[in-house]
Amino acid sequence: MLNSLVINKNDSQGYHTSLKELSEADLTDGDVLIKVLYSTINYKDALAISGKAPVIRRFPMIPGIDLVGVVEQCDNDKFNVGDHVLLNGYGVGEKYLGGLSQKARISSEFLIPLPKGITPFNAMAIGTAGYTAMLCVMALEKQGITPKSGNILVTGATGGVGSFAIRILAELGYTVTASTGSDKQAAYLKELGADEIIDRAELSAPGKPLMKERWAAAIDSVGSTTLANVCASINYGGCVAACGLAQGMDFPSTVAPFILRGVSLLGIDSVMRPEQDRLDAWHRLEQTQLADKISQISTTVGLHDAIAVANKLLDGEVTGRVVVDVNA
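Just so it is clear, the model here is predicted, and its values are computed rather than measured.

### Looking at the overall build of the chain
Across its full length, the chain holds ten helices and 15 strands. Across its three principal axes, the chain shows a C-alpha extent of roughly 60 × 45 × 35 Å. Among the 328 residues that make up the chain, the fraction classed as buried is 54%. Sequence separation of at least 24 residues holds for 70% of the intrachain contacts in the chain that already meet a minimum separation of 6. As displayed, the chain offers around 13700 Å² of accessible surface, 50% of which is attributable to carbon and sulfur atoms.

### Re the packing of aromatic side chains
Using the criterion set out here, one finds five aromatic pairs in the structure. On the basis of an interplanar angle of 15° and a centroid distance of 4.7 Å, the ring pair of Tyr90 and Phe110 is categorised as stacked. Residue Tyr90 is located in the loop between strand 5 (84-88) and strand 6 (103-106), and its partner Phe110 is located in the loop between strand 6 and strand 7 (112-113); the two are separated by 20 residues in the primary sequence. The same class applies to Tyr90 as to Phe110, namely buried. Aromatic rings pair up to connect Tyr90, Tyr96 and Phe110 into one cluster.

### Details of helix 6 (residues 224-232)
A large share of helix 6 lies buried, amounting to nine of its nine residues. The complete set of buried residues in helix 6 reads Ser224, Thr225, Thr226, Leu227, Ala228, Asn229, Val230, Cys231 and Ala232. Packed against the buried residues of helix 6 are strand 8 (152-154), helix 5 (201-204), strand 11 (215-220), strand 12 (234-242), helix 7 (256-260) and strand 13 (264-267).

### A closer look at the sheet that holds strand 10 (residues 196-199)
Note on sheets: strands pair through backbone hydrogen bonds, and any given pair is parallel or antiparallel. In spatial order, the strands read 10-9-8-11-12-13; together these six strands make up an open sheet with parallel pairing. Each end of this open sheet is capped by a strand with a single partner; those strands are strand 10 and strand 13. Across the sheet, the axes of successive neighbouring strands diverge by a mean angle of 20°, strand direction being ignored. Direction of pairing for strand 12 relative to strand 13: parallel, over a ladder of four bridges.

### A closer look at the side chain of Ser298
Position of Ser298 relative to the elements: it lies in strand 14 (residues 298-302). Judged by its relative accessible area of 9%, Ser298 falls in the buried class. Among the polar contacts listed, one links the side chain of Ser298 to the backbone oxygen of Ile294, at a separation of 2.7 Å. When residues no more than four places from it in sequence are discounted, the contact partners of Ser298 are Phe121, Ala125, Arg321 and Val323.

### Section: the nonpolar core
Membership of the largest hydrophobic core comes to 53 residues, with the highest contact counts inside it found for Leu140, Ile166 and Leu285. The greatest single-element share of this core, amounting to 14 residues, is contributed by helix 2 (residues 120-142). Filtering out sequence-adjacent residues up to four positions away, Leu285 remains in contact with Ile118, Ile126, Gly130, Tyr131, Met134, Ile168 and Leu290. Judged by nonpolar contacts, the second largest core, of 30 residues, contains Ile41, Ala46, Cys74 and Tyr90.

### Things to note about the pairing of strand 9 (residues 176-180)
A regular strand places its side chains so that they alternate between the two faces of the sheet. Extensive coverage of strand 9 is indicated by the burial of five of its five residues. Residues Val176, Ala178 and Thr180 line one face of strand 9 and the alternating positions Thr177 and Ser179 line the opposite face, and both faces are buried. As paired strands, strand 8 and strand 9 are joined by three bridges and run parallel to one another. Across the sheet, Ile152 pairs through a bridge with Val176, a residue of strand 9. As for the winding sense of the linkage, the β-α-β connection from strand 8 through helix 3 (residues 160-171) to strand 9 is right-handed. Pairing of strand 9 with strand 10 involves four bridges; the strand directions are parallel. By the bridge assignment, Thr180 is partnered in strand 10 with Asp199. What joins strand 9 to strand 10 is helix 4 (residues 186-192), and the crossover it makes is right-handed.

### Here's the deal with the environment of Val81
Within the secondary structure, Val81 sits in the loop between strand 4 (66-74) and strand 5. Taking the C-alpha atoms as reference points, Val81 and Ser108, 27 residues apart in sequence, are found 13 Å from one another. When residues no more than four places from it in sequence are discounted, the contact partners of Val81 are Val71, Glu72 and Gln73.

### Details of the packing of helix 1 (residues 43-50) against helix 10 (residues 306-314)
The geometry of helix 1 relative to helix 10 is characterised by a closest axis approach of 9 Å and an angle of 115° between their N-to-C directions. By the angle between their axes, helix 1 is roughly perpendicular relative to helix 10. The two elements helix 1 and helix 10 cross, and the hand of that crossing is left-handed. Between helix 1, through Tyr43, Ala46, Leu47, Ile49 and Ser50, and helix 10, the contact on the second element is made entirely by Ala306, Ile307, Ala310, Asn311, Leu313 and Leu314. Here the residues of the contact of helix 1 with helix 10 are counted per class, giving nine nonpolar, two polar and no charged.

### Brief notes about a nonpolar patch on the surface
A cluster of nonpolar side chains, namely Tyr43, Leu245 and Met249, defines an oily patch on the protein surface of about 340 Å² accessible area. On the accessibility criterion, Tyr43 (37% relative accessible area) is partly exposed.

Rules used in this analysis
Residues numbered from 1 in each chain as written. Predicted model: local features only at pLDDT ≥ 70, side-chain atom pairs only at ≥ 80, totals over all residues. Heavy atoms only, no water. Helix = DSSP H or I, 4+ residues; strand = E, 2+ residues; numbered from the N terminus. Buried < 20%, exposed > 50% of the residue type's maximum accessible area, 1.4 Å probe, protein only. Contact = heavy atoms within 4.5 Å. Areas by Shrake-Rupley, 256 points an atom, 1.4 Å probe, with all protein chains shown as cover. Phe/Tyr/Trp six-rings, centres within 6.5 Å; stacked < 30°, edge-to-face > 60°. Pairing = 2+ DSSP bridges. Axes fitted to C-alpha atoms, helices over the stretch in contact; angles between N-to-C directions. Polar contact = N/O pair within 3.5 Å; in protein donor to acceptor, adjacent residues only side chain to side chain. Core = buried A, V, L, I, M, F, W, Y, C linked by side-chain atoms within 4.5 Å. Right-handed = clockwise from strand over helix to strand, strands pointing away. Parallel < 35°, antiparallel > 145°, perpendicular 65-115°, else oblique. Left-handed = near helix turned anticlockwise from the far one by under 90°. Nonpolar A, V, L, I, M, F, W, Y, C, P; charged D, E, K, R; others polar. Patch = residues over 30% accessible without salt bridge, like charges linked within 9 Å, V, L, I, M, F, W, Y side chains within 5 Å. Salt bridge = Lys/Arg side-chain N within 4 Å of Asp/Glu carboxyl O.

This is the structure we're talking about:
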């Protein structure tokens, strides 16, 4: 038997999440059986666990869009027993049973080898958030943004994506402005590498179609009015990598920044990213010094704490990343 976090929906209890014992026979997806070492709680996981958004596509569901573990069985020749493998996204934890369990059965197409220079724990401390942050940085680089281009804005700075984006950009030599609603986290953001900190209120209220040019580029995980104001404040020829919607899915903007200043809006998807893009991003992550900051960016909980932590995350009470030791 194995411990798993399970989300269900029925007439007697409605939508509910609980810790349950399952058997391997209950794991019905995929061609690779994995002994899970660590998973995570991302924003999407928190929405699924709490039921505050219609994330789950089938019931019962094991949440957890990230996992790292050891192959126990593989029905093809892509992996060998004993290999360490890594998963981010692909609808796992939504359409397919996820990583918040002591074992998982995952499609081999969704898995990549764990980079040799990254420990299993650090892989989950980085997780989808760090992987997405790196995809954003790589997108800015492809648009020609360099440390000489000017200041880079990171919104949602104390969240997982924001925290890693700041650290990666700082390590690469960029000057970073962090936008946050938490005055108490200034020291944390400075330690990660932020050069300047602004109150998110500067960007979260409706603004003008074009505003003063302030940043060469931006990484935005907030969306809605914040993203509109960010686009309106980017320097001529700059770009914005958009990867989140914490403030909302709407985008109350105009075409002005795009046709009058040549601003590019880059949509960053991490869920269905092709395998080569994943390998490239994780290779870049392997080359960073992120391991030196993992203790500042992440906290660790057991499966039994996952439900409570998910609710705290949605209430804005969690800084950085939450790693789940599924065997604790």
